[in-house]
Every structure is written in C-alpha cells, then in structure tokens.
Amino acid sequence: MATTDQEVNELIKREYEHGFVTDIESDTFEPGLNEDVIARLSGIKKEPEWMLAWRLKAYRRWQEMDEPNWAHVGYPKIDYNSISYYSAPKRKEDMPQSLDEVDPELLKTYEKLGIPLHEREKLAGVAVDAVFDSVSVATTFKEPLAKAGVIFCSISEAIRDYPELVQKYLGSVVPHGDNFFAGLNSAVFSDGTFVYVPKGVRCPMELSTYFRINAANTGQFERTLIIADEGSYVSYLEGCTAPMRDENQLHAAVVELVALDDAQIKYSTVQNWYPGDENGKGGIFNFVTKRGACIGKNSKISWTQVETGSAVTWKYPSCVLRGDNSVGEFYSVALTHNHQQADTGTKMIHLGKNTSSTIISKGISAGKSSNAYRGLVKFGPGAEGARNFTQCDSLLIGDRCGAHTFPYIESKNKSAIVEHEATTSKVSDEQMFLCRQRGIDPEQAVSMIVNGFCKEVFKELPMEFAVEAGKLLEVSLEGSVG
Amino acid sequence: MLSIKNLHASVEGKEILKGINLEIKAGEVHAIMGPNGSGKSTLSQVLAGNEAFEITEGEITLNGENLLELETEERAREGIFLAFQYPVEIPGVSNLQFLRTAVNAMRHHKGEAEMNAAEFMKLAKEVSKQVDLDPAFLKRGVNEGFSGGEKKRNEIMQALLLQPKLAILDETDSGLDIDALQVVSNGVNALRAEDRAILMVTHYQRLLNHIVPDHVHVLAGGKIVKSGGRELALELEERGYGWLGIKDEEEAAANSAN
Ligand SMILES: Nc1ncnc2c1ncn2[C@@H]1O[C@H](COP(=O)(O)OP(=O)(O)OP(=O)(O)O)[C@@H](O)[C@H]1O
Ligand SMILES: [Mg+2]
C-alpha cells in the first residue's frame, strides 16, 4: 500500500485556516530600539518610575548579550532595529469597559478564530483576558474572580494597581540576564497577563488568554506573571493563532510562575501561530522563556503544551523545584511540518529534598521539518531523594523529516534517581493499510494514529482544550504518511 | 460476486501469484489451503488492495466492477473485508474509536447518518459479546498487547460490525484454543448470508468441521492446483500435499532458481 510521498505532500499542504488580517487602524511606533523608545513605551503605559528603571536596566544588559545559536534551528538574522516595539488599537485613550465598546472588527476577528467572547462568557465559565497586539482590550469574568480574591488583569494594570506584588515577583523567576530573548522582553514587553491567587483559594474557573499577533511588522513581547499563594490552585490556558502574512514576525514572550507552599499551578498552551507557507516563507519566530518556580514546600507546577504553529520555535518551559517535596511536570506535543523547525523541551532543576519531576514529550515530524527535544534534568547538592522520569517519543511521518533528542543530566547528589525512556517510530505502512482496509481515509487515519500517539499528553489538558488540540493536529497534518 | 482471472502479482520484483483463477458466488464459503509461502496471504492482501504488491497481469472484479481501479479504502467501502493473519497494533488509539471511525466511514459512504458515541458503544458491546471478548477490550488500544487469540476475535468482531459483502479471513483460526475456535467459528457462521461470500485461508481441516465450506482450493506455488468440495480437505489431511505432487517450499524455490 504505502500512501505515496506525493499524497503525503498534498495532505500536508492544507492551508492555514486562520490566515487573515484584521483591518484595524493601529497606532504604531516607527521601527527601532533605543532608550528613548523604551521611555516612550513606558510613558504611554503610564508606568511608575521604577518600572522604567527596570526596563532600562534590562535593555543595557541585553545590549551586552549575544543571541543564542545552540538551538537546533536556523533562521535569518533578525534586525532588532527593523521591528516596531509598540502597537495598540486606535482608541487607547478610551479603553472599552465592556464588550459592547470593543471594536466590532476586533470581535469579528475573535469570532473567525472561534473564540466568540459573548458566547464564552455565558458558556464555558472561562474568563478571557484577550490580548490584541499589545494592549488588553477585553476582560471578562472579573467579578466572580474578585469575589474569590483572585486578581486577573493585564500586567500593565498590575504594575499600576499592585506594585508590591509586581516588584516582588517580576523577574524573580526569569531575571533580566537569563537569556537574550528574555532580556529583550524585559526591556520592551508590551502587555500580558497578571494573576494572583490568594492563600487557600482554589480559583473558581479556568483562566484563559488568547493572543493574536496582528499589526504588520510588530514584535510581540508578552509578559505573564502568575503567583499562587500558599495552598492555592489555579489552572491557566493560553491559546493563540496569527493571521497569514509574509514577513517573519518575532515573538519573544516571558512567562513566570511562582508557587508558594502547597500551591499548584497548571499552565496549558495550545499554540497555532502561522508556520509559514509550504516553501518555508513567512511564519512566526517563537522564542519564548517560560519558567515556574516551586519556591514553597509541597508545591506543584505543571506545564502542558501542544505546539503546532510557528516557523521557528525555541521554547523550554521549565521548573525550578526549590521547595522540599515540590513537583514539576512537563507534558508536550510538538508537531512540525513543511519547513517548520522546533527546538523545544524542558528544564527540571531539582534543588529541594524529595523533589520529583515528570517529562513526557511527544514530537511529531512531517514534510521536511525538523523537530528536536532538548531537556535538562539537574540535581543540586541539596536534592536528597529527588527523582525524575523522562519519556521522549518521536513519530516520523514520511522520510524527509528529522527528529533529534538531546537529553542532558547533571547531578550533584548521589541519591537522585533518573529514569529515561526514548523511542522513535514511524506511522507504519501496516497501520495505514489496516485503517484504510476498514474504510478510513488516509488523512483521517494519520490524524487518528497521531492523536493516539499523543494521548498521554492530551489527557493532561482541560477538556475543551483537549478537543481543540485534537482538531488542531488534524488540521496541521491533514494527510502525511510515508 | 468475485471473479479473479489469470492474476499475477509480484513483490520486490519476485512473482508470487502466477495466474490465479477463482469465481466466488454470493452466499458461498470457499476455503483456501496450501503450504507455507504458497501465496495465500498475498492473494488476500492483493484482493484488499495492498499497494506493496504489484499486479502484473490479470483482473479482479467484484459484482462486475473492476477492483484494480479502486484504492484500498474504496474497496473496503464496496464491501471487501480482510481479517489479517497478523493484526497490527495502533498504540493509543482505542479500539472503540477505531471501530467507530471505520463504521462511520462506511455509513458515510452509503449516505447513512453517522453513529454517535453512545449508539456505537451499545452496538459494539453487543458484538463484542458475540465473539466472547470482554467489552473492556473496546477501551484498549487497537490490538495493543492483545494475545494472539484475542486479536483474531477482534478481527471477527470487526467483520460482524462492518457487515462486508466479501469477508476474507486469513488464518483466523490459527493460534486459537478449542473454545476460542468454537467462538470464532460461530462468529463466521453468523456472517454466512445469501448476499455475502466468505473466503477463508486455513491450514487446518478441523476448522472446516465448524464452518463447512462449499468449495476447497489448494494454492501451491502461486497457482490453484486443485479444487474440490469439503472432502478435499479431509483427503489433504490424510495424505498431505505430497499427494498432489506439490514439493515443499525450499524445493520449489530451488527448482525455480534453475
Ligand atoms: N513484502 C514482501 N517482501 C518480500 N517477499 C514477500 C513479501 N510478502 C510476501 N512475500 C513472499 O511471498 C511468498 C508468499 O507469501 P504469503 O505470505 O502469501 O504465503 P502464505 O501462503 O500466506 O504462507 P503462510 O501459510 O506461511 O501464511 C513468500 O515466499 C513470502 O516470503
Ligand atoms: Mg499467510
């Protein structure tokens, strides 16, 4: 049988569903980056002095840093002076107080993306802090959250309204000098999400932010900070799509999570940014720093991600397990096709006693794509009785794609235990023949087999996200067998 | 129903089927026997449209329609079902999901409404009982960690669910214990119908005590060398293939090399 390469290619070729550009007048900075630009940005956002100082410190640090080149990806050199560092919907003076006040064009965009806010409000009980380009324009469900004492707002608001929390925790997990992209983000971050869950509170709903990159030539520098105070619990969902365009767009977000004693944070991502066309033209550069710190004892941070988009992805959601008995988890599905390149994985840094971590990574490569898992498991001298379990599976579709695994282990504690399992498999001709013999279309068969391969990760996702993720894989794959 | 004329097929340049002729009418059960490596599975796979095999000559029609022009999945939707000699595993895909996808693909083809999860669950449970397979198997990955016998029962369950026009059973009786053989035979007998044909490949005449065939064929060296009724199987059991002047595989290979 063997579905031919030709068929495979046709199936993979399916066009990006979310490729459209919203026609909204943007108020955009001219391209370029210097201290003045940062001061202007900070001024527009009416930030306090300390914030500007913080940004400038980051900028100076960043200027001394070199762009990393160790990731298993290649992309043209980025000219940071050709990027515009601020873009906002027109009516910024007069930010909408409710959905009725939101630009209808914008609401339409959300609708095309399948996120009708009106519906969502009533339906899923999900609070949506929607980020359109750089400024949050619609936030729902603030009330029930406020009742529970949960703060869920844009990071810009938090800087103004909760300066103590922000000053205490911003940069505490991902400092200025952590890496090149985090440094850049610290200097120029536009907006993002802030969450604080107070002591003993179980957040009454899943919190969710949808991102969308829009204005042409605008870099996106989201900044997210989530703090779970003692004994609290929060589940956060992040999902994004981007309109189709030709120029590559840089996205360098920073996400910081802080879990205090007995607190739990669950962070789930479905990422579907424009991957570029079938010839590798266009697409988003996604250079993200995501890290959680389990600073309290018995705390837990769990990352779940489904990555299908972006031309180049460089992303390692990590956990610093400082508190004794703290737990870090990383569940990942990364799918690449055409010319997509992904270098993703995690870092589990065990510092406290009896800390434990689990890594389940599922990489799927199709077309001419390249998919790398890069993981670091590190045990500090104080990590008595710590343990890690890593399972790294790769699935190849066709024979022109690549999968690479780079597991690193560093141990300064002899009592630490690491278990590592890795497999590489192909969607086999026999499996395809079985499915087709039962009347199933080849593309549906591939999607079913791939979904089966990802099952362990999907079951970690909140229900509505799991469905979305399954759909996303189907769209991204549509055929692809060798 | 099924008509095979002068069928030649090869794999990797090596000819396996060397001129098969076979007519199967609706309502009939045909058994194919023959030494290891004689081409029985190849014939089964070729009928189902496995592209690993190249058809170099001959024709296959199903109710007058040229099968060779159809893709595997199209043949399946026209009613060809193959119970595999070695069912493959699909890790992580639940049997239930797999079966529902298959049943719905068939229904879609016939212009019928798809079955929802609840409806299908009910049907699948009934059918799994028919082959004495615990409904817990529906939740497991397709053939994942199934024992040999369980895989075979799972294949028959699929045939019962999909209700094909032509069911090809490639050694569905191999590796079954006595009770399972009875269960599988009952399943196959339940498939027997006026408008359905069954082609079963087997090595054991004892299966034919349970499922009494209308015709028995002996396939050797890629050709049907003898056809007869039920009694042919008994005769083979008694006298072996040597009685038909068939050499064993190695000898045949050695000869063809000359
Ligand atoms: N994919 C393949 N590549 C190479 N040779 C093959 C392939 N498939 C089948 N063959 C060869 O074709 C011949 C017939 O095989 P087939 O599986 O049809 O035999 P069979 O009659 O079903 O045997 P058994 O009774 O052992 O199941 C064998 O010599 C086998 O090795
Ligand atoms: Mg065989």
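Residues numbered from 1 in each chain as written. Chains lettered and ligands numbered in written order. Predicted model: local features only at pLDDT ≥ 70, side-chain atom pairs only at ≥ 80, totals over all residues. Heavy atoms only, no water.

### Considerations on the UniProt feature "domain: ABC transporter" (unreviewed entry) in chain B
- As annotated by UniProt and renumbered to match this structure, "domain: ABC transporter" (unreviewed entry) occupies residues 2-246 of chain B.
- End C-alpha atoms of residues 2-246 of chain B are separated by 27 Å, and the span's content is 36% helix alongside 29% strand. (UniProt positions renumbered as here; feature names shortened; annotations may be inferred. Helix = DSSP H or I, 4+ residues; strand = E, 2+ residues; numbered from the N terminus.)

### With respect to the coordination of the magnesium ion (ligand 2)
Residues and elements named next belong to chain B.
- Here the magnesium ion (ligand 2) is held by the protein donor atoms Ser41 (OG) and Gln85 (OE1), which lie 2.0 to 2.2 Å from it. On the criterion of sequence distance, the pair formed by Ser41 in helix H1 (residues 40-48) and Gln85 in the loop between strand S6 (80-83) and strand S7 (90-94) is long-range, its members being 44 residues apart.
- Classification of Ser41 as partly exposed rests on a relative accessible area of 22%. (Donors = N, O, S within 2.8 Å, 3.2 Å for Na, K, Ca; no water. Buried < 20%, exposed > 50% of the residue type's maximum accessible area, 1.4 Å probe, protein only.)

### Some points on the pairing of strand S4 (residues 54-62) of chain B
Residue and element names in this part refer to chain B.
- Pairing between strand S1 (residues 2-11) and S4: seven bridges, direction antiparallel. Paired with Ile4 across the bridge in S4 is Ile60.
- Across two bridges, S4 lies against strand S5 (residues 65-66) in antiparallel orientation. Within S5, the residue paired with Leu62 across the bridge is Glu65.
- In this structure, the hairpin formed by S4 and S5 is closed by a connection of two residues, where Asn63 is found at a positive phi of approximately 50 degrees. (Pairing = 2+ DSSP bridges.)

### Quick word on the packing of helix H5 (residues 148-162) of chain B against helix H6 (residues 178-191) of chain B
Residue and element names in this part refer to chain B.
- Relative to each other, H5 and H6 sit at 15 degrees, their axes nearing to 10 Å. With respect to their mutual orientation, H5 and H6 come out roughly parallel. Where H5 crosses over H6, the handedness of that crossing is left-handed. Contacts from Arg153, Ile156, Ala159 and Leu160 of H5 reach H6 at Ala180, Val183, Val184, Gly187, Val188, Ala190 and Leu191.
- Class assignment of the residues belonging to the contact of H5 with H6 gives a composition of nine nonpolar, one polar and one charged. (Axes fitted to C-alpha atoms, helices over the stretch in contact; angles between N-to-C directions. Parallel < 35°, antiparallel > 145°, perpendicular 65-115°, else oblique. Left-handed = near helix turned anticlockwise from the far one by under 90°. Contact = heavy atoms within 4.5 Å. Nonpolar A, V, L, I, M, F, W, Y, C, P; charged D, E, K, R; others polar.)

### As for helix H11 (residues 442-453) of chain A
All names here are of chain A.
- Here H11 is 12 residues long and its end C-alpha atoms lie 16 Å apart, about the 16 Å a rise of 1.5 Å per residue gives.
- Most of H11 is tucked away, with 10 of its 12 residues classed as buried.
- Every buried residue of H11 is accounted for by Pro442, Ala445, Val446, Ser447, Met448, Ile449, Val450, Asn451, Gly452 and Phe453. (Expected span 1.5 Å × (residues − 1).)

### Details of the nonpolar core
- Judged by nonpolar contacts, the single largest core of 113 residues is most densely connected at Ile364 and Val450 of chain A together with Leu2, Ile4, Phe98 and Met200 of chain B.
- Discounting chain neighbours no more than four positions away, the residues touching Ile364 of chain A are Val333, Ala334, Leu335, Thr336, Asn371, Leu395, Ile397, Val450, Phe453 and Cys454 of chain A.
- Met51, Tyr86, Phe194 and Phe285 of chain A belong to the second largest nonpolar core, which has 52 residues in total. (Core = buried A, V, L, I, M, F, W, Y, C linked by side-chain atoms within 4.5 Å.)

### Regarding the UniProt feature "domain: SUF system FeS cluster assembly SufBD N-terminal" (unreviewed entry) in chain A
- When the UniProt feature table is mapped to this numbering, "domain: SUF system FeS cluster assembly SufBD N-terminal" (unreviewed entry) covers residues 146-203 of chain A.
- For residues 146-203 of chain A, the helix share is 45%, the strand share is 16%, and the end-to-end C-alpha distance is 10 Å.

### Description of the interface of chain A and chain B
- Listed by partner, the interface residues are 21 residues for chain A and 33 residues for chain B.
- With both chains or domains summed, chain A and chain B bury close to 2100 Å², and 60% of this area falls on carbon and sulfur atoms.
- When the area that chain A buries against chain B is broken down by residue, the three leading residues are Phe433, Gln437 and Arg438 of chain A, summing to 33%.
- On inspection of chain A and its partner chain B, the count reaches five salt bridges.
- Between Arg436 of chain A and Glu73 of chain B there is a salt bridge; the shortest N-O distance is 2.6 Å.
- Run the count over chain A and chain B and you get 12 residue pairs in polar contact (both at pLDDT 80 or more).
- Contributions of two or more residues to the side of chain A that touches chain B are made by helix H10 (429-437) and H11 of chain A. (Buried area = accessible area lost by both parts, 1.4 Å probe. Salt bridge = Lys/Arg side-chain N within 4 Å of Asp/Glu carboxyl O. Polar contact = N/O pair within 3.5 Å; in protein donor to acceptor, adjacent residues only side chain to side chain.)

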